[in-house]
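# What the coordinates show
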Amino acid sequence: MDASKQAHSSQEDFEIPAELTPALQARRRSQKRIIFDRFMRNKVATAGALFLLFLILCCLFGPLIPGHTTPDAVGVTAPFAGSSLADPFGTDNLGRDTLARAMVGGRISLLVALSSMLISIVLGIIIGAFAGYYGGWLDNILMRLTDTILTIPLYLLLFVLSATFANGTPISVIFLIAIFGWTKAARLVRGEFLALKEREFVQAAATIGARDLRMMFYHILPNAAGPIIVNATLLIGSNIILESVLSFFGFGVSIPVASWGSMINQGRDYFDAAPRLLLIPGILIFLTVLSCNLVGDGLRDALDPQMTER
Amino acid sequence: MKRREEGPDREGSGLLCMGRLVLMRQYLLRRLLQAIPLLILTSILMFLLIHAIPGGPDAIYDNPNLDAAGRAALRASFGLNDPLPIQYFKWASNMLHGNFGNSLYTGQPVSSVLAQRFPATVELFLSAFILSLLLTAILGTLSAAYQGKAVDYTITTLAYFGISMPIFLLGLVMQNVFASSLNWLPPSGTATLGYTFSPFNALLDHLMHLLMPMVVLAVTFTAGWSRYLRTSMIDVIRQDYMRTGRAKGVPPARLLLRHALRNAVIPLITIVAIDFGAIAGGAAITESVFAWPGMGQLFIDSLNRRDYPVLLTALLLSAIFVIIFNLLADVLYSVMDPRIRYS
């Protein structure tokens, strides 16, 4: 996000022409404001963003609500207790509080998705930037590496890797997912760099003697911020799916720590007795991923410089 | 591969067509040669990773009644006593001689274990793939043709649903709804056990079993691809030759399907090729949910049993398949767009 700020502030430094009337000046909006307004005009994307905000707040502070603080305690009430006012989601097969588990599981799922997104975006930016900026053999090697990773069936590779390296802690799962999440970001950043490095402002920076690293990360990168932010948002969604797949097959965060994937795995055997044990974490995953996709597409439209400003 | 600007040989006289064929053959040959070091690298990486899994086969098949000598004999019989590089070279040279080794779990030759499982995976993969392409063509064309109308919004909503739905979740929900609750479709497996059907009914029974896993696997990819097709179709529809076609009185359906779709599909081919690995992974998950006796399920089982030879062969086979499919996509790309040059 810092990168985008820089890009916009540098454009705002232009002096306002003298003939701009006060009435027009009052209507003048910063670029951030324009993007924000454009995003808010997209009702579906706004709803997705609000849902994500609500979900994050629930998962952060929900487990502090009295009565829902013990997600792993067995036999709080009778197993398969239906929903009641005190326990809206009921209890699971071991009498554990499903609401508390859903909130704590959401913490794990969101934590894994967000952190692995951050790591893979940083990796993708570095790899894509070097490949796109320097080109030549470096580009060749880095892009062949990217292609190779894209051709191996990701799930199978993740299963092997998690059996090998992951010990069931969230950190290990984060790194596992991050190691393979950077490929799309890297391709994207490389493409942006290839196009941007031919532009005049890069030549201008080169004339005043900007070094390579400064050129890459101070001058070029902020201009590629839009697509990267969009990609990051979409990546959160796909990471949530990956985490749930890993946990579902028992290769992710180890039980009894709740995560939405492992809750589904435990709930699938009791679908006839209590379908909500599968449906609650399932719907949460679905809505979260859906929101990420909607917000990502909304951001893409809002950040698109081709869109005419109204 | 590069897109070539309109050149004099674009229309291609006979001679130049020959030139294209030779070029294509050279290109394919080079790509195949490039695939060899890639496969060797992949196999080394996989070999090391698989052998690094904590708790090797000797620990998994350990038996409390086995004494130290017996355990050592077990290790020796698995060939685990050599240093890793030696083990790799032994395995690789056997592999090159067509000997895939024996499963550590059942003792059967890996080739026969895989031969049992391979057709089921190919069946699921190909049927889902074809279904996906068909649905993509229909949905993408419809939503581009009715851009901004109710049809478009409906398809877009469905696409968002499909993209946001994890495969295993969709599988579990469909399994519980259509099989357990409604009893319309069989829940899992490839055939109803304990009955002998006439050949026709057996086929019907098998197709009923195939239906759910096929649809589940196809949904995610259809959703993503139809969005791409919609975008590129809208680009094509705005082009001049479409207006010319309309002016000449080509029927709208024919214009869309014959003239627009062919060009709109070209950018999609790259996306589809990138997704081959993901479909193979998705097939593994679908197989596991629906107990479909294919390679994916075998893979997950073998991983839990630390069955090294089966795991390695399955991984390598999937890598080979993805590479072959990518090559096919490249060739198709040039057939669809004669402006593509091999370089």
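Everything numeric here is computed off the predicted structure, so don't read it as measured data.

## Side note on the overall build of chain A
Looking only at helices and strands, chain A features 13 helices and zero strands. Across the 310 residues of chain A, 50% fall into the buried class. Pairs at least 24 residues apart make up 70% of the contacts formed inside chain A by residues separated by at least 6 positions. As displayed, chain A has an accessible area near 15200 Å², and 65% of this comes from carbon and sulfur atoms.

## Things to note about the overall build of chain B
Each helix and strand counted, chain B has 13 helices and two strands in total. In chain B, 75% of the contacts between residues at least 6 apart in sequence involve partners at least 24 apart. As displayed, chain B offers around 17700 Å² of accessible surface, 67% of which is attributable to carbon and sulfur atoms.

## Observations regarding the confidence of the model for chain A
On average, residues of chain A score 79 in pLDDT, and 78% of them reach the 70 mark or higher. Confidence drops under a pLDDT of 50 for residues 1-12 of chain A, and excluding neighbours within four residues, the segment shows 15 contacts in the predicted structure.

## So, the packing of helix H8 (residues 199-237) of chain B against helix H10 (residues 252-274) of chain B
Residues and elements named next belong to chain B. Where H8 contacts H10, the axes come no closer than 8 Å and their chain directions differ by 130°. Classified by the angle their axes make, H8 and H10 are oblique. In the crossing of H8 with H10, the sense of the turn from one axis to the other is right-handed. Of the residues in H10, those touching H8 at Trp225, Tyr228, Leu229, Ser232, Met233, Val236 and Ile237 are Leu256, Ala260, Leu261, Asn263, Ala264, Val265, Pro267, Leu268, Ile271 and Val272. Class assignment of the residues belonging to the contact of H8 with H10 gives a composition of 15 nonpolar, two polar and no charged.

## A short note on helix H4 (residues 43-61) of chain A
Every α-helical turn comprises 3.6 residues, leaving residues that sit three or four positions apart pointing alike. Relative to the 27 Å expected for 19 residues at 1.5 Å per residue, H4(A) spans 27 Å between its end C-alpha atoms, a close match to the ideal helical length. Three or more residues of H4(A) are buried, namely A:Ala45, A:Thr46, A:Gly48, A:Leu52, A:Leu55 and A:Cys59.

## Describing unusual backbone geometry
Look at B:Ala291: it is not a glycine, yet its phi comes out positive at around 50°. Within the secondary structure layout, B:Ala291 lies in the loop between helix H11 (276-289) and helix H12 (295-305).

## Points about the interface of chain B and chain A
Listed by partner, the interface residues are 39 residues for chain B and 36 residues for chain A. Interface area for chain B against chain A, summed over the two sides, is near 3300 Å², with a carbon-plus-sulfur share of 80%. Of all residues in chain B, B:Tyr160, B:Ser164 and B:Phe168 give up the largest surface area on contact with chain A, accounting jointly for 18% of the area buried on that side. Run the count over chain B and chain A and you get zero salt bridges.

## So, the nonpolar core
Counting residues in hydrophobic clusters, the biggest one holds 160 residues, and the most contacted among them are A:Phe159 and B:Phe276. Aside from chain neighbours lying at most four places away, what touches B:Phe276 is B:Phe125, B:Phe129, B:Val322, B:Phe325 and B:Asn326.

## Quick look at the state of the cysteines
Residues and elements named next belong to chain A. Within this structure, the stated rule accounts for zero disulfides over all chains. For cysteine 59, which is in no disulfide, the shortest distance to another cysteine sulfur is to cysteine 58 and amounts to 6.6 Å. Distance from the sulfur of cysteine 292, which forms no disulfide, to the nearest cysteine sulfur (cysteine 59) is 12 Å.

## Thoughts on the packing of helix H7 (residues 167-181) of chain B against H11(B)
Residue and element names in this part refer to chain B. H11 packs onto H7 with a crossing angle of 30° between their chain directions and a minimal axis gap of 9 Å. Regarding the angle of H7 to H11, the classification is roughly parallel. Note that H7 runs across H11; the crossing there is right-handed. Only Gly282, Ile285, Thr286 and Val289 of H11 make contact with H7, whose side of the interface consists of Ile167, Phe168, Gly171, Leu172 and Gln175. Grouping the amino acids of the contact of H7 with H11 by side-chain chemistry returns five nonpolar, four polar and no charged.

## Notes on the confidence of the model for chain B
Residue and element names in this part refer to chain B. Mean pLDDT over chain B: 79, with 89% of residues reaching 70 or higher. Within chain B, the element-level pLDDT minimum falls on strand S1 (residues 2-3), averaging 44, and the maximum on helix H5 (residues 110-145), averaging 89. Within the model, pLDDT remains below 50 along residues 1-13, and this stretch shows 24 contacts once partners closer than five positions in the same chain are excluded. Per the prediction output, this complex has pTM 0.79; the corresponding ipTM is 0.75.

## Let's talk about the packing of aromatic side chains
One pair of aromatic rings is described through two measures. These are the centre distance and the angle between the planes. Residue and element names in this part refer to chain B. Evaluation of the coordinates by the stated rule reveals 15 aromatic pairs over all chains. With centroids separated by 5.7 Å and ring planes inclined at 70°, the aromatic side chains of tyrosine 88 and phenylalanine 89 adopt a geometry described as edge-to-face. Here phenylalanine 125 and phenylalanine 129 contribute two aromatic rings whose centre-to-centre distance is 6.3 Å and whose plane-to-plane angle is 25°, an arrangement assigned as stacked. Here the residue phenylalanine 125 and the residue phenylalanine 129 both occupy positions in helix H5, the gap between them amounting to four residues, near one helical turn.

## With respect to the environment of A:Leu99
Tracing the backbone shows A:Leu99 in helix H5 (residues 98-134). As a C-alpha pair, A:Leu99 and A:Pro281 span 182 residues in sequence and 9.9 Å in three-dimensional space.

## Remarks on the UniProt feature "transmembrane region" (unreviewed entry) in chain A
In the numbering adopted here, UniProt assigns the feature "transmembrane region" (unreviewed entry) to residues 44-65, 108-133, 220-242, 248-265 and 277-296 of chain A. Taken end to end, residues 220-242 of chain A has its terminal C-alpha atoms 31 Å apart, with 83% of it in helix and 0% in strand.

## Looking at a nonpolar patch on the surface
Residues and elements named next belong to chain A. Together, Leu50, Leu53, Ile56, Leu57, Leu60, Phe61 and Leu64 make up a nonpolar patch on the protein surface, roughly 700 Å² of accessible area in all. Inspection of the secondary structure assignment puts leucine 57 in helix H4. A relative accessible area of 46% places leucine 57 in the partly exposed class.

About the thresholds
- Residues numbered from 1 in each chain as written.
- Chains lettered and ligands numbered in written order.
- Predicted model: local features only at pLDDT ≥ 70, side-chain atom pairs only at ≥ 80, totals over all residues.
- Heavy atoms only, no water.
- Helix = DSSP H or I, 4+ residues; strand = E, 2+ residues; numbered from the N terminus.
- Buried < 20%, exposed > 50% of the residue type's maximum accessible area, 1.4 Å probe, protein only.
- Contact = heavy atoms within 4.5 Å.
- Areas by Shrake-Rupley, 256 points an atom, 1.4 Å probe, with all protein chains shown as cover.
- pLDDT = per-residue confidence, 0-100.
- Axes fitted to C-alpha atoms, helices over the stretch in contact; angles between N-to-C directions.
- Parallel < 35°, antiparallel > 145°, perpendicular 65-115°, else oblique.
- Left-handed = near helix turned anticlockwise from the far one by under 90°.
- Nonpolar A, V, L, I, M, F, W, Y, C, P; charged D, E, K, R; others polar.
- Expected span 1.5 Å × (residues − 1).
- Buried area = accessible area lost by both parts, 1.4 Å probe.
- Salt bridge = Lys/Arg side-chain N within 4 Å of Asp/Glu carboxyl O.
- Core = buried A, V, L, I, M, F, W, Y, C linked by side-chain atoms within 4.5 Å.
- Disulfide = S-S within 2.5 Å.
- Phe/Tyr/Trp six-rings, centres within 6.5 Å; stacked < 30°, edge-to-face > 60°.
- UniProt positions renumbered as here; feature names shortened; annotations may be inferred.
- Patch = residues over 30% accessible without salt bridge, like charges linked within 9 Å, V, L, I, M, F, W, Y side chains within 5 Å.

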